[in-house]
Amino acid sequence: MTQPLIGIIMGSDSDLPTMQGAIAICEEFGVGCEVAIVSAHRTPERMVEYAQQAHQRGIKVIIAGAGGAAHLPGMVASLTPLPVIGVPVASRHLQGVDSLYSIVQMPAGIPVATVAIGNAKNAGLLAVQILASHQPELLERVQQYRRSLNDSVMDKQQLLDEIGYKQYLEKMP
């Protein structure tokens, strides 16, 4: 297995369906990741240990997903020298707005990069891009990925031009 460079942590196993987007991106780019349940509230000692030791184990970026009070990303950021990317997980009652506010409103000096509610895929992409800033081969893969996004949009535009918007809408899922 590849040395994990990205730590993907979550406050509860119920966050895993959301966080699988980040895991899939790591797999797509061939970047090793470790996945762990680390609750800021239920396992605070584990959280402290994880955050303080991650860089010593070779982790370069931490992605932390949390719902509700969503203290995990901020607390981990306060304990590690590594960049932390927070993923607000949608909650049943407030649809993740509470999590978003909790993660994005960090005090000066303890930054947490924050992606959209439920968008662990973007967190994975941001983590990969951080790594790619020092890895030319990975940077090329990121650039190819971006080109494929462009190509996908242009293919859709070509189809829209060919069949018109009504037929295009009928073909959409």
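Shown above is the structure to which this text applies.
This section reports on the structure supplied with the text. (Residues numbered from 1 in each chain as written. Predicted model: local features only at pLDDT ≥ 70, side-chain atom pairs only at ≥ 80, totals over all residues. Heavy atoms only, no water.)

On to the packing of aromatic side chains. One pass over the structure, following the stated rule, counts 1 aromatic pair. Stacked on the ring of Tyr 50, the Lys or Arg Arg 57 has its end atom at 5.0 Å from the ring centre. (Phe/Tyr/Trp six-rings, centres within 6.5 Å; stacked < 30°, edge-to-face > 60°. Lys NZ or Arg CZ within 6 Å of the ring centre and 35° of its normal.)

To continue, consider the side chain of Asp 15. Tracing the backbone shows Asp 15 in the loop between strand S1 (6-10) and helix H1 (16-29). Of note is the side chain of Asp 15, whose polar atom sits 3.3 Å from the backbone nitrogen of Gly 11. Ignoring any residue separated from it by four or fewer positions in sequence, one finds Asp 15 in contact with Met 10, Gly 65, Ala 66, Gly 67 and Val 89. (Helix = DSSP H or I, 4+ residues; strand = E, 2+ residues; numbered from the N terminus. Polar contact = N/O pair within 3.5 Å; in protein donor to acceptor, adjacent residues only side chain to side chain. Contact = heavy atoms within 4.5 Å.)

Right, let's get into the sheet that holds strand S2 (residues 33-37). Ordered in space as S2-S1-S3-S4-S5, the 5 strands form an open sheet in which the pairing is parallel. Because the sheet does not close on itself, it has two edges, and the strands there are S2 and strand S5 (113-114). Relative to S5, strand S4 (residues 84-89) runs parallel, the two sharing 2 bridges. Residue Gly 86 lies in a different strand from S5, and its bridge partner there is Thr 114. Along the sheet, helix H3 (residues 72-79) contacts S1, strand S3 (61-67) and S4; its crossing angle with S3, the most-contacted strand, is approximately 150°. (Pairing = 2+ DSSP bridges. Axes fitted to C-alpha atoms, helices over the stretch in contact; angles between N-to-C directions.)

Here the focus is the pairing of S1. The buried fraction of S1 amounts to 5 of the 5 residues, a majority that puts the element mostly inside the structure. Judged by which residues are buried, S1 turns out to be covered on both faces: Ile 6, Ile 8 and Met 10 on one side and Gly 7 and Ile 9 on the other are all buried. The pairing of S1 with S2 spans 5 bridges and is parallel. Of the residues in S2, the one forming a bridge with Ile 8 is Val 35. Once you follow S1 into H1 and on to S2, the crossover reads as right-handed. Two elements, S1 and S3, share 5 bridges in a ladder whose sense is parallel. (Buried < 20%, exposed > 50% of the residue type's maximum accessible area, 1.4 Å probe, protein only. Right-handed = clockwise from strand over helix to strand, strands pointing away.)

The values reported here are purely geometric and, on their own, carry no functional implication.
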